[in-house]
Amino acid sequence: MSLPHAILTALLEKPSSGLELTRRFDRSIGYFWSATHQQIYRELGKLEQAGHIRALPAPVPARGQKKEYEVLPAGRAELTDWVRRSEDPKAIRDALLLRLRAAAVVGTEGLADELRRHLALHQAQLEEYLGMEERQFPPERNSEADRLRHLVLRGGIELERFWTAWLTEALQELDC
């Protein structure tokens, strides 16, 4: 349900072609709402059929030219309605947590290596987020939109801090 809303958000921030949109997902929105390029293109078609977006007219029509999309009033209204709706938090579904639970039954052989691997991945993601924060949110960027975008990034930073602390604790519990 939320992928179309992620796309509407991205297109309201900046009209884009499908290719540009997939690149932007890879660099920003994809950090907290992932989607494959195929899913994005499929959703663009559905949003266009629903009258939420439209392809902008090309300055010079050409076969095979990439379409650039913009959000129509119906799409903005849909996104506004979605922002206002309430939604319960989703339960955590993480294979690593399930592995730890299974290790309690079958033993921990090989588990420490996987925990170390996850720790390294989360540490790298944390460093990337901190770098993004430094580059993208200097003190003078203080509009409401900037504060909200920064809040999303800070949420990601705190999640990565949680995972690095928790994985460090888990490794200590295993005496590794």
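These numbers were taken from a predicted model, which means no experiment stands behind them. (Residues numbered from 1 in each chain as written. Predicted model: local features only at pLDDT ≥ 70, side-chain atom pairs only at ≥ 80, totals over all residues. Heavy atoms only, no water.)

Run through the overall build of the chain, naming residues and quoting values.
Counting its regular elements, the chain contains seven helices and three strands. Put simply, the chain runs from its N terminus to its C terminus through helices and strands in the order α-β-α-α-β-β-α-α-α-α. Relative to a compact globule of 176 residues, whose C-alpha radius of gyration would be 16 Å, the chain shows 20 Å and is clearly more extended. With the C-alpha coordinates aligned to their principal axes, the bounding extent of the chain is approximately 65 × 40 × 35 Å. Taken over 176 residues, the chain has a buried fraction of 31%. The long-range share in the chain, meaning contacts at least 24 apart out of those at least 6 apart in sequence, stands at 58%. Summing over all exposed atoms, the chain offers an accessible surface of approximately 12,300 Å²; the carbon and sulfur share of this is 53%. Separation between the mean location of the 25 positive side-chain charges and that of the 27 negative ones in the chain comes to 8 Å. (Helix = DSSP H or I, 4+ residues; strand = E, 2+ residues; numbered from the N terminus. Rg over C-alpha atoms; globule rule 2.2 N^0.38 Å. Buried < 20%, exposed > 50% of the residue type's maximum accessible area, 1.4 Å probe, protein only. Contact = heavy atoms within 4.5 Å. Areas by Shrake-Rupley, 256 points an atom, 1.4 Å probe, with all protein chains shown as cover. Lys, Arg positive; Asp, Glu negative; His and termini not counted. Charge placed at Lys NZ, Arg CZ, Asp CG, Glu CD.)

Please provide a residue-by-residue account of the nonpolar core, values included.
By size, the foremost hydrophobic cluster in this structure holds 17 residues, and its most contacted members are Ile-7, Leu-11, Leu-21, Phe-25, Ile-40, Leu-44 and Ile-53. Looking at this core element by element, the count peaks at six residues for helix α1 (residues 2–13). Each residue touching Ile-40, except ones within four places of it in the same chain, is listed here: Ile-7, Leu-21, Thr-22, Phe-25 and Ala-35. Judged by nonpolar contacts, the second largest core, of ten residues, contains Ala-103, Leu-111, Ala-112 and Leu-171. (Core = buried A, V, L, I, M, F, W, Y, C linked by side-chain atoms within 4.5 Å.)

Provide a residue-level description of the environment of Pro-15, including the pertinent values.
On the secondary structure map, Pro-15 appears in the loop between α1 and β1 (16–17). For Pro-15, a relative accessible area of 34% puts it in the partly exposed group. Residues Pro-15 and Phe-32, spaced 17 residues apart in sequence, show a C-alpha to C-alpha distance of 21 Å.

Account for the pattern of salt bridges, naming residues and giving values.
According to the stated counting rule, one finds eleven salt bridges in the structure shown. Measuring nitrogen to oxygen at the nearest pair gives 2.6 Å for the salt bridge that ties Arg-141 to Asp-146. Residue Arg-141 is classed as partly exposed on the basis of its relative accessible area, which comes to 36%. On the basis of relative accessibility, which here comes to 11%, the residue Asp-146 falls in the buried class. The network of salt bridges with common partners includes Glu-13, Arg-24, Arg-141, Asp-146 and Arg-149. (Salt bridge = Lys/Arg side-chain N within 4 Å of Asp/Glu carboxyl O.)

Describe the pairing of strand β3 (residues 68–71), listing the residues and the values that go with them.
Burial along β3 is one-sided: Tyr-69 and Val-71 are buried, and none of Glu-68 and Glu-70, which face the opposite way, are. Pairing of β1 with β3 involves two bridges; the strand directions are antiparallel. Across the sheet, residue Ser-17 finds its bridge partner in β3, namely Glu-68. Sheet topology places strand β2 (residues 53–55) next to β3; three bridges connect them, and they run antiparallel. By the bridge assignment, Ala-55 is partnered in β3 with Tyr-69. (Pairing = 2+ DSSP bridges.)

Quick one: what's the story with the sheet that holds β1, residue by residue and with numbers?
Sheets are built from strands that pair by backbone hydrogen bonding, the pairs being arranged parallel or antiparallel. Strand order across the open sheet formed by three strands is β1-β3-β2, with antiparallel pairing between neighbours. Both edges of this open sheet fall to β1 and β2, since each of them pairs with a single strand only. Together, β2 and β3 form the strand contacts of helix α3 (residues 37–49), whose direction differs from that of β2 by roughly 105°. (Axes fitted to C-alpha atoms, helices over the stretch in contact; angles between N-to-C directions.)

Purely geometric numbers; function is a separate question.
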